[in-house]
Amino acid sequence: MTDTRENNAMRILLFIACSALALNACSDVLDVEYPGRIPTEQLNDPTLAAVLAGSVLGDFECAYSNYTGGSAVHSDEYETSNSNVPGNLWGERGITAGEDSYVTDACEGGYFSIQRPLHTARFQSEQVFTKLSNWTDEQVTNRALLMAQVRTYGAYSYLLMGETFCAVAFDGGAQQPPSAALDIARTQFLEAITLAQQAGNTDILNLARAGLARTEMNLQSWAAAEAAADLIPPGFRVDAGRGSDNARRWNKLFRSADQQGAYVIADAYRVMNDPRVLVVDANRPAFNPGIDLWVTTKYTSLASPIRLASYEEAQLILAEALAQQGDVAGAMAVINAARADVGLGALAAGNQAEAIQHVINERQRELSFEGGHRLNDLLRYDIPWKLGSNPYTGRPYGQTTCWPHPTKEVNGA
């Protein structure tokens, strides 16, 4: 929810930065042992700065796992294959503003709680960033780097809200359009870039630049999106780390789809015949009898990481920005270079609309089943939603598109 101050001090769960980042060259400054919980009286201890920064990462990664899973099954990537309420609602466009599994469940809850975990992550980032700002370089080793890390992950929390929420409200404030979250994300990514440059850390710098490119894309600031995306180097990738040690660390999509069989890959993705769309028949039934379980091999265990940002995503943002600015040839050159990298033939576009459609199609394949990208494209480009009835359960789809603003926030409950 928008105001989590009453429980944040007592519930900071700590997850370690470098092991979860899965970067090619991660700085040792973020290596910390997993200590459990911090007593409240130690929250203002500058010697725990790195641990507090790690807690921001842990909260974000848990929220991101829920966001990825919930957005994947809500979009056209998955179908519900269970009859249990509220689990069946997630893949049938049935999540409403009053659904507790979406609004109030803790991050480790059974389904894909999104509102509370994302607000916890962004609030936690604000609190820890303020503490780091008030401490000194003498008190905190590598303070600029920790501030850059905290700002970057906080900005990603705002970015995700701005992409797919119907409306946002922060810390008891008035309801605003989702662009308000994107504006905050832009400001915080820019701050993170400056701090990462001061710290001389290219890993966080590139992660912040990738987030900025994605934010500018959503704000339709095409020249700025192009500039930021063009700075991301080949080979760059950052994952949100997952683990099997406790429910907060699980890959929620693997848990719900592969292990429980509650959701199956939609028919359209089973026949794309694209090396980037990793789907297989699991050769066992889904949760409801008579439904074949189709899953993605992007995730093979509860500990499978989820891609957060990458060179491949940045190239798609670059192609979209070029196409939106009328550079069809440039956009297609970027797209076809990416296709060649995975052994696919070149595509052609005779005009801007065709180039943009190619970008949408390539994003659907390259970024399938991760990060809410497909849901965001459905909303941004007004792509037709799944309509009628779920082919596997016969139940009619609901009307939900963007993630609704919670009734409990509107009513002050």
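Conventions and cut-offs
- Residues numbered from 1 in each chain as written.
- Predicted model: local features only at pLDDT ≥ 70, side-chain atom pairs only at ≥ 80, totals over all residues.
- Heavy atoms only, no water.
- Salt bridge = Lys/Arg side-chain N within 4 Å of Asp/Glu carboxyl O.
- Helix = DSSP H or I, 4+ residues; strand = E, 2+ residues; numbered from the N terminus.
- Axes fitted to C-alpha atoms, helices over the stretch in contact; angles between N-to-C directions.
- Parallel < 35°, antiparallel > 145°, perpendicular 65-115°, else oblique.
- Left-handed = near helix turned anticlockwise from the far one by under 90°.
- Contact = heavy atoms within 4.5 Å.
- Nonpolar A, V, L, I, M, F, W, Y, C, P; charged D, E, K, R; others polar.
- Buried < 20%, exposed > 50% of the residue type's maximum accessible area, 1.4 Å probe, protein only.
- Polar contact = N/O pair within 3.5 Å; in protein donor to acceptor, adjacent residues only side chain to side chain.
- Core = buried A, V, L, I, M, F, W, Y, C linked by side-chain atoms within 4.5 Å.
- Phe/Tyr/Trp six-rings, centres within 6.5 Å; stacked < 30°, edge-to-face > 60°.
- Pairing = 2+ DSSP bridges.

Chemist: In this structure, what is going on with the pattern of salt bridges? I would like to understand it.
Modeler: It is possible for side chains bearing opposite charge to pair when their charged atoms get close. Here the structure, examined in full by the defined rule, presents 26 salt bridges. Across the pair Arg-151 and Glu-191 runs a salt bridge, and its minimum N-O distance is 2.6 Å. Remark: Glu-191 occurs in helix 8 (residues 179–199) and Arg-151 occurs in helix 7 (residues 143–164); sequence separation between them is 40 residues. Of the charged contacts in the structure, one is a salt bridge between Arg-276 and Glu-362, with a shortest N-O distance of 2.8 Å. Here the residue Arg-276 occupies a position in the loop between helix 12 (267–270) and strand 4 (279–285), and Glu-362 occupies one in helix 15 (residues 352–366), the gap between them amounting to 86 residues. Each of Asp-274, Arg-276, Arg-339, Glu-362 and Arg-365 takes part in salt bridges that share partners, so that together they form one network.

Chemist: Help me understand the packing of helix 6 (residues 115–134) against helix 7 in this model?
Modeler: The packing of two helices is summarised by the inter-axis angle and the distance between the axes. Running from amino to carboxyl end, helix 6 crosses helix 7 at an angle of 155 degrees, the nearest separation of the two axes being 9 Å. One way to sum up the angle between helix 6 and helix 7 is to call them roughly antiparallel. Relative to helix 7, helix 6 is oriented so that their crossing is left-handed. Residue-level contacts link Leu-118, His-119, Ala-121, Arg-122, Ser-125, Glu-126, Val-128, Phe-129, Leu-132 and Ser-133 of helix 6 to Arg-143, Leu-146, Met-147, Val-150, Arg-151, Gly-154, Ser-157, Tyr-158, Leu-160 and Met-161 of helix 7. Counted by class, the contact of helix 6 with helix 7 contains eleven nonpolar, five polar and four charged residues.

Chemist: Whenever I open this one, the side chain of Asp-76 confuses me. Can you help?
Modeler: Here Asp-76 is to be found in the loop between helix 3 (49–74) and strand 1 (78–80). Looking at Asp-76, the relative accessible area reads 19%, which means it is buried. Looking at Asp-76, its side chain comes within polar contact range of the side chain of Tyr-269, at 2.8 Å. Apart from the residues within four sequence positions on either side, Asp-76 is in contact with Ala-266, Tyr-269, Gln-364, Arg-374 and Leu-378.

Chemist: Where do I start with unusual backbone geometry in this structure?
Modeler: With the exception of glycine, most residues fall at negative phi, and the peptide bonds are largely trans. In the segment running from Val-85 into Pro-86, the intervening peptide bond is cis, with an omega of 5 degrees. Note on placement: Pro-86 falls in the loop between strand 1 and helix 4 (87–90). Here the phi dihedral of Arg-93 falls at roughly 55 degrees; this positive angle occurs in a residue that is not glycine. In this structure Arg-93 comes out as buried when scored by relative accessible area, which is 4%. Located in the positive-phi region is Asp-171, a residue other than glycine, with phi close to 55 degrees. Of note, Asp-171 is situated in the loop between helix 7 and helix 8.

Chemist: Where do I start with the nonpolar core in this structure?
Modeler: General note: in soluble globular proteins, nonpolar side chains tend to be found buried as a group. Among the nonpolar cores identified, the biggest contains 105 residues, and Tyr-78, Trp-90, Leu-132, Tyr-156, Phe-369 and Trp-403 are the most heavily contacted of them. The leading source of residues in this core is helix 7, at twelve residues. By size, the runner-up hydrophobic cluster in this structure holds five residues, among which are Val-264, Ile-291, Leu-293 and Val-295.

Chemist: When you look at the packing of aromatic side chains in this model, what are you seeing that I'm missing?
Modeler: The relation between two aromatic rings is expressed through the spacing of the ring centres and the mutual angle of the planes. Under the definition given, this model contains twelve aromatic pairs. When the ring of Phe-60 is compared with that of Tyr-153, the centres are 5.4 Å apart and the planes differ by 55 degrees; the resulting orientation is tilted. In this pair, Phe-60 sits in helix 3 while Tyr-153 sits in helix 7, placing the two residues 93 residues apart along the sequence. When sorted by exposure, Phe-60 lands in the same class as Tyr-153, which is buried. Arranged with centres 5.1 Å apart and planes meeting at 85 degrees, the rings of Tyr-156 and Phe-189 form a pair that is edge-to-face. Here Tyr-156, found in helix 7, pairs with Phe-189, found in helix 8; they are 33 residues apart in sequence, far enough to count as distant. Both residues of the pair, Tyr-156 and Phe-189, belong to the buried class. A network of ring pairs unites the aromatic residues Phe-60, Tyr-64, Tyr-153, Tyr-156 and Phe-189 as a single cluster.

Chemist: Can you help me understand the pairing of strand 5 (residues 292–296) in this one?
Modeler: The side chains of a regular strand alternate between both faces of the sheet. Taking burial as the measure, the five residues of strand 5 include four buried ones, the bulk of the element. For strand 4 and strand 5, the ladder comprises four bridges, and the chain directions are antiparallel. For Val-280, the partnering residue across the bridge sits in strand 5 and is Val-295. What sits between strand 4 and strand 5 in their antiparallel hairpin is a turn of six residues, with Gly-290 showing a positive phi close to 85 degrees.

Chemist: Help me understand the environment of Glu-216 in this model?
Modeler: With respect to the helices and strands, the residue Glu-216 is situated in helix 9 (residues 202–218). Residues Glu-216 and Ala-185 lie 31 residues apart in sequence; the distance between their C-alpha atoms is 9.6 Å. If sequence neighbours within four positions are ignored, Glu-216 has contacts with Arg-186, Ser-221, Ala-224 and Ala-225.

Chemist: Looking at this model, I keep getting lost on the environment of Arg-255. Mind explaining?
Modeler: Secondary-structure assignment places Arg-255 in helix 11 (residues 252–259). Residue class for Arg-255 comes out partly exposed when judged on its relative accessible area of 25%. If sequence neighbours within four positions are ignored, Arg-255 has contacts with Trp-250, Gln-260 and Leu-302. Reaching out from Arg-255, the side chain makes a polar contact with the side chain of Gln-259 at a distance of 3.0 Å.

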